[in-house]
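# Chain and residue survey
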Amino acid sequence: MINQFVEHQLFPTVVYQNSIPINQNELKIVKDLEYQRMPSNNGNFTKLKDVLSILPETRSSIVEHIKYYTEKVLSIMPKYSFPITDSWVNEHTKEDKAQKHFHANALISGVYYLQAPEDSGNIIFHKPTNHNNFLNEIFNFDTIFVNERNTAEYVINIKEGMLLLFPSQVYHSTQINKSSNKRYSLAFNTWVKGDFGTDIDKLKL
């Protein structure tokens, strides 16, 4: 009877999860900002698209985690930096959600949950259509149970203070907020600065 095996995870996409204590003073600033309805009509977002510029303690913590993610988790050399290019806060009231999307013109994206009531909607990461592992789109297999190896969606249960970092091209969405309370999530993108290549194909960003 087979009861053990060795599994090799080929080319994993790393979603980094950690936590940052909520700064209540900065949370109040966030709630007092001016919001507008999203074009998709499924939530509100701040008119200010550089929110982290007015949240210095939160920004400092996020920058520290970005550095850890790139250098310690992805083993990228510290000669490269990943500056935050934009940041905004999503406000989701009851029945709001985030549709499936990715972040263009960015390398690393992140979300930080400032307020996450129970049943306010978890985040879902979607398997890319061009990710052709054995369970591709040719067959829709019935499975004994759902796990990371056979699912097309990966759900992370959110909580206040949770920080997630992930490659910007990864599609993601959120479930419907079924709570009567608002969910506040701070989203942001990064780019890169540094020197790439050799004298022949050198690139400076």
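Just above sits the structure.
This structure is a prediction, so every number in the text was calculated from the model and none was measured.

Residues in a regular strand point their side chains to alternate faces of the sheet. Judged by how many residues are buried, strand β9 (residues 162-167) sits mostly within the fold: six of six residues are covered. As defined by bridge partners, strand β1 (residues 16-19) adjoins β9 across four bridges and the pair is classed as antiparallel. Across the sheet, residue S19 finds its bridge partner in β9, namely M162. Across five bridges, strand β6 (residues 108-115) lies against β9 in antiparallel orientation. Residue pairing in the sheet places S109 in a bridge with F166 of β9.

Moving on, we get to the nonpolar core. Of all hydrophobic cores here, the largest spans 25 residues; its most connected members are I62, V89, L114, L165, L186 and F188. Looking at this core, the elements that each hand over two or more residues are α1 (24-31), α2 (56-73), β4 (84-92), β6, β9 and β11 (183-190). With residues up to four places along the chain from it excluded, the contact list for L165 reads V14, V15, Y16, H65, I66, Y69, I108, S109, G110 and F188. In this structure, A116, I123, I156 and V170 belong to the second largest nonpolar core, which totals eleven residues.

For the rest of this paragraph, the subject is the sheet that holds strand β7 (residues 123-126). The sheet built from four strands is open, its strands ordered β5-β10-β7-β8 with antiparallel pairing. Every interior strand has two partners, whereas the edge strands, β5 (98-101) and β8 (153-156), have only one. Here the strands of the sheet are splayed against their neighbours by 20 degrees on average, with no regard to which way each runs. Note: β7 against β8, four bridges, orientation antiparallel. Looking at β8, one finds that I124 is bridged to V155.

Moving on to the environment of N157. By the secondary structure assignment, N157 is in the loop between β8 and β9. Sequence spacing of N157 and I123 is 34 residues, and the spatial spacing of their C-alpha atoms is 6.8 Å. Those residues in contact with N157 that lie beyond four places of it in its chain are N122 and M162. Polar side-chain contacts of N157 include one of 3.0 Å to the side chain of N122.

Calculation notes
Residues numbered from 1 in each chain as written. Predicted model: local features only at pLDDT ≥ 70, side-chain atom pairs only at ≥ 80, totals over all residues. Heavy atoms only, no water. Buried < 20%, exposed > 50% of the residue type's maximum accessible area, 1.4 Å probe, protein only. Helix = DSSP H or I, 4+ residues; strand = E, 2+ residues; numbered from the N terminus. Pairing = 2+ DSSP bridges. Core = buried A, V, L, I, M, F, W, Y, C linked by side-chain atoms within 4.5 Å. Contact = heavy atoms within 4.5 Å. Axes fitted to C-alpha atoms, helices over the stretch in contact; angles between N-to-C directions. Polar contact = N/O pair within 3.5 Å; in protein donor to acceptor, adjacent residues only side chain to side chain.

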